[in-house]
Amino acid sequence: QVQLVESGGGLVQAGGSLRLSCAASQRNYAMGWFRQAPGKERTFVAAINWNGDSTAYAESVKGRFTISRDNAKNTVYLQMNSLNPEDTAIYYCAARDAYYSLNSYQYNYWGQGTQVTVSS
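Peer 1: How do you make sense of the side chain of T75 when you look at a structure like this?
Peer 2: As for its placement among the helices and strands, T75 is situated in strand β8 (residues 75–80). Within the local environment of T75, its side chain forms a polar contact with the backbone oxygen of K73, the two atoms lying 2.9 Å apart. Not counting residues up to four positions away in its chain, the partners in contact with T75 are S21, C22, A23, S68, R69 and D70.

Peer 1: Just to check I follow, could you spell out the environment of L4 for this structure?
Peer 2: Tracing the backbone through its elements, the reader meets L4 in strand β1 (residues 4–7). Between the C-alpha atom of L4 and that of M31, which follows or precedes it by 27 residues, the distance is 10 Å. Every residue in contact with L4, bar those within four places of it in the chain, is listed here: C22, A23, A24, M31, C93, A94, A95, Y109, W110, G111 and Q112.

Peer 1: I'm lost on the sheet that holds β8 in this one. Help?
Peer 2: Sheet strands pair via backbone hydrogen bonds, and the direction of the pair is either parallel or antiparallel. Read from one edge of the open sheet, 4 strands run β1-β3-β8-β7, paired in antiparallel fashion. Only two strands of the sheet have a single partner each, and these edge strands are β1 and β7 (65–70). Neighbour-to-neighbour, the strand axes of this sheet turn through a mean angle of 15°, independent of strand direction. Note: strand β3 (residues 18–24) against β8, 6 bridges, orientation antiparallel.

Rules behind the numbers
Residues numbered from 1 in each chain as written. Predicted model: local features only at pLDDT ≥ 70, side-chain atom pairs only at ≥ 80, totals over all residues. Heavy atoms only, no water. Helix = DSSP H or I, 4+ residues; strand = E, 2+ residues; numbered from the N terminus. Polar contact = N/O pair within 3.5 Å; in protein donor to acceptor, adjacent residues only side chain to side chain. Contact = heavy atoms within 4.5 Å. Pairing = 2+ DSSP bridges. Axes fitted to C-alpha atoms, helices over the stretch in contact; angles between N-to-C directions.

As structure tokens, then:
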């Protein structure tokens, strides 16, 4: 069993930045970030392999968001720049064995989520 704890969400103005963190209780898992806006399905944001050698991004966040990890701290980060109101959602981190997936159904473990609100 892997426990995941997200932090770093909050309220920010359009054009601003936030950095989300996801602390894991175990290491060597691929990690993904997903988000869910009110009334919408959960969607893929970004993912990274267990060793950080490969990443993936949703088209809507490419060039604005960066996923990274510090395996010494068992923590994955999502740096979010140039935020806009469409980025408002609950952001969840998720873990699965070794290699990432863009599909939320392939993740075994989930955090509780952290709210990101971008005001216009």
